[in-house]
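Residues per chain are reported as follows:
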Amino acid sequence: MTRLLIVLFLVILGVTRANADTKATVVEPAVAMPGNRVALVIGIDHYARGSGPIFAPDLNNPVKDAQAMRDTLGKLGFAVVYGEDLGKDDFETALDRFEDRAKDADIAIVYFSGHGSTFEGLPYLVPADATFEELRQTERKLIRVEDVLERLREAKGVRIALFDACRDDEAEQALKQRMAGTKAVAQTRGLARVQAPPDGLIVMYAAQFLQTADDGTAGGDHSPFAAALLDKLPTPGENITAMLEDVARSVIDLTGGKQKPELVVDLFDKFQLVESTEPAPPPVAATDARIAEAALVWPSLASSNDAALLRAFKLHYAGTVFEEMASARLAELASNDVKEPAASQSSGETPGIQIALVPGVPGVVVTRVSTPLNACDSLAGALLDPDHVGPGIDKDKLVPANAIPACQEAAKNSPSTRRFLFQLGRAYNASKDYSTAISWYRKAADLGSTAAMGNIGFLYDYGDGVTQNSQEAAIWFRKAADLGNPVSIDNLGVLYEKGRGVEQDFQQAMTWYRRAADLQYPFAIYHVGSLYENGQGVATDYKQAMSWFMKAAALNDVAAMVEIGYLYEDGRGVPVNYQEAMTWYGKAANLGNAEAMSNLGSLYEKGRGVSRDYNQAMSWYRKAADLGNVSAMAEIGYFYDAGLAVGQDYQEALSWYRKAADLGNGYAMVKVGFFYDTGLAVGQDYTEAMSWYRKASDLGVPEAINNIGVLYEDGHGVQMDYLQAVTWFRRASDLGYSAAADNLRAICSSRKGLKGC
């Protein structure tokens, strides 16, 4: 059996009076069980009423919950590092003791019951002695959840984090009032989500983001979440993920549907806290992550009558055995003449378990206790929407004609379900009906959808459906960022980097990028690397750039892979290594990146890291051009122009040069101009040649600037003007173009006393 490490964070966000004598203790297991089992259990009921004006209120049950959890885990064979009402120093000591023992553990559980809070989009746990006078004390007074997770990343196997978050926090409200008007303060109710890192982390929240988690009554036994855990943890023979799903269902039942947990899972191995006495089933062959994902989703669809949903599932998991299973179910429906259900049957808020994987971001599987999968979810769900349910779909694969009616029906039947409103907006966005899209985004944003807020920001930034206004974009991005949305945090960084809607400030850009990078958002990690690469806001540091690009590449960020290739090809921060460059371009190309494909073509064309092979080069250029890469189009034009890998064909060359030139490629503009200048494959037309040269010169292309000088010197397409010729030759020469320097010397030598020589 694979050695598994399981870490359960149960944050019931309560508060207690600090007790200077409180210390963490280690309670050895009450019984022997298989494997080395370690737990950290901390409960805090009371918080200090110190000199600071801001403090956290008491809760009813965290210590009782912690005591019961300690006893239950002891009976399950865990050595428990235990503490009640721990201040900051004692809390850190408990974490140190747990970390030391967890390094060799087969199973580790961390249970925290106490207050939590969010500052600038980052979640913190509140020790018993925390009081506040000003915001800058946050880092010093609180425990960052990410710091706890960082310790856990050193341990083996699977980690699980569970947060039971009470959001009835008068301390937060007081801090909001006290900090009103302070620059760059992002204060939200309770804990923000922790972005699940890879390598087997499971995180469970007692309530969905911005919902209230019930602490239980004074004199009562436990919170609903703790009660469900204590009931389900000892269940024999149940897979840990299934057990946590049972916990979620129990919480929904106990609270009458008012509290709905949220579960983030990165564990496909089956593991039982208490082994079953039943015979083990036959072993199942190993599967890849995509098949494992399909296996998680299929049980909820196996008996579905929703043909649209089955077709979406079949398309998403094409090439797996589950495609065949979906086809069989569709055939069964057709043969039995089963009518498809109305969208209203699958769009309500009926409690259920749904699973969603984020493709391209390793290790992020989301299991939500909320609503059954709806056709709108499959046809328009966004992978980076925190509310999304089901597999989701990339924007480039979204089919508006299918998605719009499905989401219209879902929004009609569940007008208060914000993800349906957002997804309907996204479907209209894909159809380029931007004004309708923003209307639905606004409705979703009013219900708290951070994805909708971010997309409104995009529309304002690019002027789609609204008057272009990057200042308004910044406002919307900040709204979503204040609620912890990593995409919008990153986009604020982009605005500061580019100086759009805000004053250009590379240091501010770095600050925002790092915040999003701390949430494991790959694009932000890439952006940090780019600032180091370009020396913006920091000293140029190619080694730092390489380090950040490597982190982003590990999360499947293709832009980072391409940049790593460039660093190896150019020898920046590392020795020149064309083979490594080819390897990284190949990784990105295999993920569909057109720039990487074009770069592979260039390596084959130049014989760098591989034998020169024009046929291979042309093959890669064509693949890149098919995906819209403009540089590749220009290269194909050059191959036809020079007769490389294909017969020389000036007509075909001009056709490809024009495609690239029309899309803004300066090199191709010069070539089109040259064809008109010389009459190759087209009637000679100096005026048209001058027009193309000027377009390229506006992009700073030295060859175009030189050629304009030649036309002025010869009087082709313009009146002969030696002074103009000298001016253009000098401009091109100053850019290092040697032919222009030669032309300048020649004209000045032949025409003595010419002004400008």
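A quick note: this is a predicted structure, and the numbers were derived from the prediction, not measured. (Residues numbered from 1 in each chain as written. Predicted model: local features only at pLDDT ≥ 70, side-chain atom pairs only at ≥ 80, totals over all residues. Heavy atoms only, no water.)

Caption draft 1: View of the overall build of the protein chain. When helices and strands are tallied, the protein chain shows 31 helices and 13 strands. Within the protein chain, the proportion of its 757 residues that are buried is 54%. With an accessible surface of roughly 31,600 Å², the protein chain has 49% of that area assigned to carbon and sulfur atoms. (Helix = DSSP H or I, 4+ residues; strand = E, 2+ residues; numbered from the N terminus. Buried < 20%, exposed > 50% of the residue type's maximum accessible area, 1.4 Å probe, protein only. Areas by Shrake-Rupley, 256 points an atom, 1.4 Å probe, with all protein chains shown as cover.)

Caption draft 2: Seen up close, the side chain of Asp85. Positionally, Asp85 belongs in the loop between β3 (78-84) and α2 (88-102). Residue classification places Asp85 among the buried residues on the basis of a relative accessible area of 14%. Of the polar contacts made by the side chain of Asp85, one reaches the backbone nitrogen of Asp45; its length is 3.2 Å. (Polar contact = N/O pair within 3.5 Å; in protein donor to acceptor, adjacent residues only side chain to side chain.)

Caption draft 3: Up close: the environment of Met597. On the secondary structure map, Met597 appears in helix α23 (residues 594-606). The exposure class of Met597 is buried, given its relative accessible area of 8%. For the pair Met597 and Asn629, spaced 32 residues apart in the sequence, the C-alpha separation amounts to 8.9 Å. Beyond its immediate chain neighbours, meaning those up to four positions away, Met597 contacts Ala589, Gly592, Trp620, Lys623, Ala624 and Leu627. (Contact = heavy atoms within 4.5 Å.)

Caption draft 4: Here's a closer look at the state of the cysteines. Scanning the model with the defined rule gives 2 disulfides in all. Here Cys376 engages in a disulfide with Cys407; their sulfurs sit 2.1 Å apart. Its S-S torsion of about 95° marks the bond between Cys376 and Cys407 as right-handed, since a negative value means left-handed. Linking Cys376 in helix α11 (residues 375-380) with Cys407 in helix α12 (residues 400-413), this pair joins segments that are 31 residues apart in sequence. With a sulfur-sulfur separation of 2.0 Å, Cys748 is cross-linked through a disulfide to Cys757. (Disulfide = S-S within 2.5 Å.)

Caption draft 5: Seen up close, the pattern of salt bridges. Taken as a whole and assessed by the stated rule, the structure comprises 13 salt bridges. Its salt-bridge partner being Asp377, residue Arg419 comes within 2.7 Å of it at the nearest N-O pair. With Arg419 in helix α13 (residues 418-430) and Asp377 in helix α11, this residue pair connects regions lying 42 residues apart in the sequence. Taking the relative accessible area as the measure of exposure, Arg419 reaches 4% and is therefore buried. (Salt bridge = Lys/Arg side-chain N within 4 Å of Asp/Glu carboxyl O.)

Caption draft 6: Layout of helix α27 (residues 666-678). Between its terminal C-alpha atoms α27 stretches 18 Å, which fits the 18 Å expected from 13 residues at 1.5 Å a residue. Among the 13 residues of α27, 10 are classified as buried, and the element is accordingly described as predominantly covered. Regarding α27, the residues found buried are Gly666, Ala668, Met669, Val670, Lys671, Val672, Gly673, Phe675, Tyr676 and Asp677. Looking at the packing, one finds that the buried side of α27 touches α25 (630-642), α26 (650-662), α28 (686-698) and α29 (702-714). Backbone nitrogen of Tyr667 and a side-chain oxygen of the N-cap are separated by 3.2 Å at the start of α27; the cap is Asn665. Directly after α27, the chain includes Gly679, whose backbone phi takes a positive value near 80°. (Expected span 1.5 Å × (residues − 1).)

Caption draft 7: Inspection of the sheet that holds strand β2 (residues 37-43) at higher detail. Here we have 4 strands laid out as an open sheet, ordered β1-β3-β2-β4, and mixed in their pairing. Each edge of the sheet is formed by a strand with only one pairing partner; in this case those strands are β1 (25-27) and β4 (107-113). The average undirected angle you get between the axes of adjacent strands in this sheet is 15°. Inspection of the sheet shows β2 paired to β3 by 7 bridges, in the parallel sense. Bridging across to β3, Arg37 finds its partner in Phe78. Helix-sheet contacts for α2 involve β1, β2, β3 and β4, and the interaxial angle to β2 is about 170°. (Pairing = 2+ DSSP bridges. Axes fitted to C-alpha atoms, helices over the stretch in contact; angles between N-to-C directions.)

Caption draft 8: Looking closely at the pairing of β3. Among the 7 residues that make up β3, 6 are buried, leaving the element largely enclosed by the rest of the structure. Direction of pairing for β1 relative to β3: antiparallel, over a ladder of 3 bridges. Bridge pairing in β3 links Val27 to Val80.

Caption draft 9: Broad picture of the side chain of Ser598. On the secondary structure map, Ser598 appears in helix α23. Judged by relative accessible area, Ser598 falls into the buried class, the value being 7%. Apart from residues no more than four positions distant in its own chain, Ser598 is found in contact with Tyr621, Ala624, Asn629, Ser631 and Ala632.

Caption draft 10: A look at the packing of helix α20 (residues 542-554) against helix α21 (residues 558-570). Taken N-terminus to C-terminus, the directions of α20 and α21 make an angle of 145°; their axes are 8 Å apart at the nearest point. For α20 against α21, the interelement crossing comes out left-handed. Contacts between α20 and α21 involve Tyr542, Met546, Phe549, Met550, Ala552 and Ala553 on the former and, on the latter, Ala560, Met561, Glu563, Ile564, Leu567 and Tyr568. For the contact of α20 with α21, a count of residues per class yields 11 nonpolar, no polar and 1 charged. (Left-handed = near helix turned anticlockwise from the far one by under 90°. Nonpolar A, V, L, I, M, F, W, Y, C, P; charged D, E, K, R; others polar.)

Caption draft 11: Representation of the packing of aromatic side chains in the model. Under the defined criterion, the tally for this structure stands at 12 aromatic pairs. When the ring of Tyr657 is compared with that of Phe675, the centres are 5.8 Å apart and the planes differ by 75°; the resulting orientation is edge-to-face. In this pair, Tyr657 is assigned in helix α26 and Phe675 in helix α27, connecting sequence segments 18 residues apart. Cluster of aromatic residues (ring-pair linked, three or more members): Tyr614, Tyr621, Tyr638 and Phe639. Between Lys623 and the ring centre of Trp620, over which it is positioned, the NZ or CZ distance is 4.3 Å. (Phe/Tyr/Trp six-rings, centres within 6.5 Å; stacked < 30°, edge-to-face > 60°. Lys NZ or Arg CZ within 6 Å of the ring centre and 35° of its normal.)

Caption draft 12: Here's a closer look at helix α30 (residues 722-734). Its 13 residues place the ends of α30 18 Å apart at the C-alpha level, agreeing with the 18 Å of an ideal helix rising 1.5 Å per residue. Check the buried side of α30 and you find it contacts α28, α29 and α31 (738-750). Looking at where α30 begins, the residue whose side-chain oxygen comes 3.2 Å from the main-chain nitrogen of Leu723 is Asp721. Gly736 sits one or two residues past α30 and shows a positive phi near 90°.

Caption draft 13: Seen up close, unusual backbone geometry. The backbone of Asn556 shows a phi angle near 70°, a positive value even though the residue is not glycine. With respect to the element layout, Asn556 can be found in the loop between α20 and α21. Of note, the phi angle at Ala681 is positive, near 65°, even though the residue is not glycine. Inspection of the secondary structure assignment puts Ala681 in the loop between α27 and α28.

Caption draft 14: Region of the structure containing the pairing of β4. Burial analysis of β4 places 7 of its 7 residues in the buried class, which makes it a mostly covered element. Burial along β4 is two-sided: the residues Ile107, Ile109, Tyr111 and Ser113 and Ala108, Val110 and Phe112 are all buried. Note that β2 and β4 share 7 bridges and pair parallel. Of the residues in β4, the one forming a bridge with Ile42 is Phe112.

Caption draft 15: Representation of the packing of helix α15 (residues 450-462) against helix α16 (residues 470-482) in the model. Between α15 and α16, the shortest axis-to-axis distance is 7 Å and the interhelical angle comes to 165°. Judged by the angle between their axes, α15 and α16 are roughly antiparallel. By crossing handedness, the relation of α15 to α16 is classed as left-handed. Together, Thr450, Met453, Gly454, Ile456, Gly457, Phe458, Tyr460 and Asp461 of α15 and Ser470, Glu472, Ala473, Trp476, Phe477, Lys479 and Ala480 of α16 make up the contact between the two elements. Among the residues making up the contact of α15 with α16, the classes are represented as 8 nonpolar, 4 polar and 3 charged. (Parallel < 35°, antiparallel > 145°, perpendicular 65-115°, else oblique.)

Caption draft 16: Here's a closer look at the confidence of the model for the protein chain. On average, residues of the protein chain score 80 in pLDDT, and 76% of them are at 70 or above. When mean pLDDT is taken per element in the protein chain, α26 scores highest with 97 and strand β9 (residues 187-188) scores lowest with 31. (pLDDT = per-residue confidence, 0-100.)

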